[in-house]
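# A closer look at the structure
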Amino acid sequence: MNPSEFINLPPLLSARGSVRLPGSKSISNRVLLLAALSGGTTIVRDLLRSDDTDRMLEGLQTLGVTVESLGNNAYKVTGCGGDFPVKNAELFLGNAGTAFRPLTAALALSGGSYTLSGVARMHERPIGDLVDALRGLGADIAYLANDGFPPLQIKPATLSGAASVSVRGDVSSQFLTALLMALPLLGRTVTVEVIGELISKPYIEITLAMMARFGIVVLRDGWKSFTVAAGSRYVAPGEIYVEGDASSASYFLAAGAIGGGPVRVEGVGRGSIQGDVRFAGELAKMGAQIEMGDNWIEARAPVNGKLQAIDLDCNHIPDAAMTLAVAALFANGTTTLRNIASWRVKETDRIHAMATELRKVGALVEEGADYIRITGLSSEELGVSENRSAASILNPQSSILNPAAGIDTYDDHRMAMCFSLAAFGNAIRINDPRCVAKTFPDYFTEFAKVTQSVPVIAIDGPSASGKGTVAQRVANELGFHYLDSGALYRLLATAAMRDGVALDDEVALAGLASRMDIVFKGEQIWLDGAPVGDELRGEACAAGASKVAALHQVRAALLAKQRDFRKAPGLVTDGRDMGSVVFPDATLKIFLTASAQIRAERRYKQLKEKGMDAKIADLLQDIRARDERDTQRSAAPLQQYPDASLLDTTTLDVDQAVKFVLNGYQCKAP
Ligand SMILES: Nc1ncnc2c1ncn2[C@@H]1O[C@H](COP(=O)(O)OP(=O)(O)O)[C@@H](O)[C@H]1O
Ligand SMILES: Nc1ccn([C@H]2C[C@H](O)[C@@H](COP(=O)(O)OP(=O)(O)O)O2)c(=O)n1
């Protein structure tokens, strides 16, 4: 993992489309182990390829199980009937709980010498209750570091004849899963008694369903006790399909609910054995419109467009509940998610991580031992003004306003995937996005396919070509926001002259650029609390702007300020590098130009109309000098990029130019 990496997500406007889900992690790792414990061969189709399943595959191969890739996520596993060929091995299982716990149980009952270890976080995740239960069956397991935690040493043991064994159910349901899957190796009747309330029950349902597919029926007394009868043997089912991952579905369904939809996920549906499909029902309680088929689920925004807060016991959807926490940002009112103590012993302490990062985007969050309470960012409730997000009002230290920070993901795939949804509020940076490889390596690519970012029309070109005039008219026609990026450089030049900062003092100018408080109110611009007059449009100011604009640090300091203008429903912006540097993903890029002579004439007319003094010859000279400086500088030079459409207005009037841009946008609009 490389925490210095990040992904910048643009602000999102809507979500629409469909996604084929990767295979379920829980099912994939169970199927692999059960296929290995069976006699005969199993063809596993639609297996998830991810860090966690790779750890299980490597583990099984180390133990001598033959696993053959058939391509297209299909594998042929030749089982060993519970007797692993390799009797001495060291297994490294990363942070894969779904590999670590079940392999611990299976190996403890299989008569070999093994060490099992993982990443540092795996060594902080409790396993004592499982080890105690296995010791109750006579297994020889030692802790190699701290009592109750991996790494573990397993030795061959004389197993006891105990008819029953107890295991705690209130820390992790994986302990019970691991025991149940290993018990058939004993070949005699054993009952597991569950102590304490069993959490995450749906995962036990998956375990029982998978064991049934491999020929073992577990007798049960509700959620209290489970019996594996003597003579139970795993039998390879021949061929088995892994369902899509229902937890992964939650991000796309939430995107549909927040971003309008419909968003359809394919690979899970009414027929699913995964508890997390019930996430869809909980999203419906927040107002989302849900439709379901046997193998698909579709989500749309509520009829009135606005999600409502809920108060929910999340025991049945522990993983997908994290998605509700981020969806709560966009709901009216305060959402409470209860009975989530297990979050604290997952990939990270998820309650704490979730609270910390939700606060960064401006939410009000209360965190308890086993609950989290989130108040959303509804802009209506907060009376948020056009160019200030709810996040910036609630928390001026928001990382979103500070591009050097961003959302931390704690090496937790679900944190990274959940927080992609926060981009429906604002542009967002997600640190270490590759942690999604644990369960969904292509997550961000798939997410981008079904989400549409806030559109940007970027108009770049030389001075007095008519960019500002055309951009404002287009913005009015479309009801979009407008950013005159040149004004920021002009404002910086004004502030520098006001404060006596030299126009080539890069460091001081960059500092000034970050401190400037700029407010656009219609035609009027305010700088540090005072209105700026016509001097901003004068050629002296423009020449100063052109000088400061050549400085790399100045441009970097103004980057985030410009990107902050990208707000729903869209932005039209003009300048020199709008389509190349500031909004490289702009929906439409225009390079607007005209001959230097015509531009000088236009500028002359414009200044005269403002009652300002000017001479065409001087203006032409200025324009040529500025063209030279803007095109020759090393920092974001003015040039027509290959993906920009050329609009030469030398012989066009304003209406014709506006029409050209609007037509171009109609062709490209999402
Ligand atoms: N075809 C045209 N397109 C845009 N502006 C034009 C056109 N013809 C004349 N103009 C005028 O040119 C002047 C300069 O335009 P402006 O938008 O300030 O340019 P820029 O932002 O590129 O410096 C404005 O007064 C505008 O009305
Ligand atoms: N995105 C931008 C916008 C303007 N600049 C620079 C280039 C210009 O010389 C100055 C002033 O820009 P502005 O667009 O206001 O100037 P014109 O109206 O085109 O004359 O700032 C830039 O470098 N990058």
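Residues numbered from 1 in each chain as written. Chains lettered and ligands numbered in written order. Predicted model: local features only at pLDDT ≥ 70, side-chain atom pairs only at ≥ 80, totals over all residues. Heavy atoms only, no water.

Naming follows an unreviewed UniProt entry, where the chain appears as Multifunctional fusion protein of Gallionella capsiferriformans. Per UniProt, the comment on the chain under Pathway (unreviewed entry) is "Metabolic intermediate biosynthesis; chorismate biosynthesis; chorismate from D-erythrose 4-phosphate and phosphoenolpyruvate: step 6/7." UniProt lists a comment for the chain under the heading Subunit (unreviewed entry), and it reads "Monomer." (UniProt positions renumbered as here; feature names shortened; annotations may be inferred.)

## Some points on the environment of Val268
With respect to the helices and strands, Val268 occurs in the loop between strand S15 (260-266) and helix H8 (279-285). Residue class for Val268 comes out buried when judged on its relative accessible area of 1%. (Helix = DSSP H or I, 4+ residues; strand = E, 2+ residues; numbered from the N terminus. Buried < 20%, exposed > 50% of the residue type's maximum accessible area, 1.4 Å probe, protein only.)

## A closer look at the pairing of S15
Two faces, one strand: in a regular strand the side chains alternate between the faces of the sheet. Relative to S15, strand S2 (residues 12-20) runs parallel, the two being bridged by five bridges. Bridged to Ala15 within S15 is Gly260. As defined by bridge partners, S15 adjoins strand S17 (residues 296-300) across four bridges and the pair is classed as antiparallel. Residue pairing across strands places Glu266 opposite Trp296, the latter belonging to S17. (Pairing = 2+ DSSP bridges.)

## Some words on the UniProt feature "binding site: 3-phosphoshikimate" (unreviewed entry) in the chain
When the UniProt feature table is mapped onto this chain, "binding site: 3-phosphoshikimate" (unreviewed entry) is found at Lys25, Ser26, Arg30, Ser172, Ser173, Gln174, Ser200, Asp319 and Lys346. Mapped onto the elements of the fold, Lys25 is located in helix H1 (residues 25-37). Each residue touching Lys25, except ones within four places of it in the same chain, is listed here: Leu48, Asp52, Thr98, Asp245, Glu347, His413, Lys438 and Thr439. Residue contacts for Ser26: discarding those within four places in its chain leaves Tyr203 and Ile206. (Contact = heavy atoms within 4.5 Å.)

## Overview of the domain arrangement of the chain
You'll often see interface size given as the accessible area lost when the parts meet. Under the domain assignment used here, the chain contains domain 1 (6-14 + 246-453), domain 2 (25-241) and domain 3 (456-668). The distance between the C-alpha centroids of domain 1 and domain 2 comes to 31 Å. Of the roughly 1,700 Å² buried where domain 1 meets domain 2, counting both sides, 51% is carbon and sulfur surface. Among the residues domain 1 hides against domain 2, the three largest losses belong to Ile273, Asn315 and Lys438. Together they make up 34% of the total. Joining domain 1 to domain 2, the criterion identifies one salt bridge. Of the charged contacts in the structure, one is a salt bridge between Lys438 and Asp52, with a shortest N-O distance of 2.4 Å. Remark: the boundary between domain 1 and domain 2 carries twelve residue pairs in polar contact (both at pLDDT 80 or more). (Domains from an automatic or database assignment. Buried area = accessible area lost by both parts, 1.4 Å probe. Salt bridge = Lys/Arg side-chain N within 4 Å of Asp/Glu carboxyl O. Polar contact = N/O pair within 3.5 Å; in protein donor to acceptor, adjacent residues only side chain to side chain.)

## Things to note about the side chain of Thr227
By the secondary structure assignment, Thr227 is in strand S13 (residues 225-228). The class for Thr227 is buried, based on a relative accessible area of 15%. A distance of 2.9 Å separates the side chain of Thr227 from the side chain of Thr191, its partner in a polar contact.

## A word on the UniProt feature "binding site: ATP" (unreviewed entry) in the chain
Here, the residues flagged by UniProt with the feature "binding site: ATP" (unreviewed entry) are Gly461, Pro462, Ser463, Ala464, Ser465, Gly466, Lys467, Gly468 and Thr469. Tracing the sequence through the fold places Gly461 in the loop between strand S26 (456-460) and helix H15 (467-478). Every residue in contact with Gly461, bar those within four places of it in the chain, is listed here: Lys467, Gly575, Arg576, Phe591, Leu592 and Leu638. The residues touching Gly468, leaving out its near neighbours within four places in the chain, are Tyr482 and Asp574.

## Notes on the site of ligand 1
Residues in contact with ligand 1 amount to 16 residues; listed here are only the nearest, Ala464, Lys467, Gly468, Thr469 and Leu652. Interatomic distance of 3.1 Å between a side-chain N/O atom of Arg602 and a nitrogen atom of ligand 1. Interatomic distance of 2.9 Å between a side-chain N/O atom of Gln606 and an oxygen atom of ligand 1. In isolation ligand 1 has 570 Å² of accessible area, and contact with the protein removes 81% of it. For the shell around ligand 1, the elements supplying multiple residues, two or more each, are H15 and helix H21 (596-609). The class makeup of the residues in the shell around ligand 1 is five nonpolar, seven polar and four charged. (Near = heavy atom within 4 Å. Areas by Shrake-Rupley, 256 points an atom, 1.4 Å probe, with all protein chains shown as cover. Nonpolar A, V, L, I, M, F, W, Y, C, P; charged D, E, K, R; others polar.)

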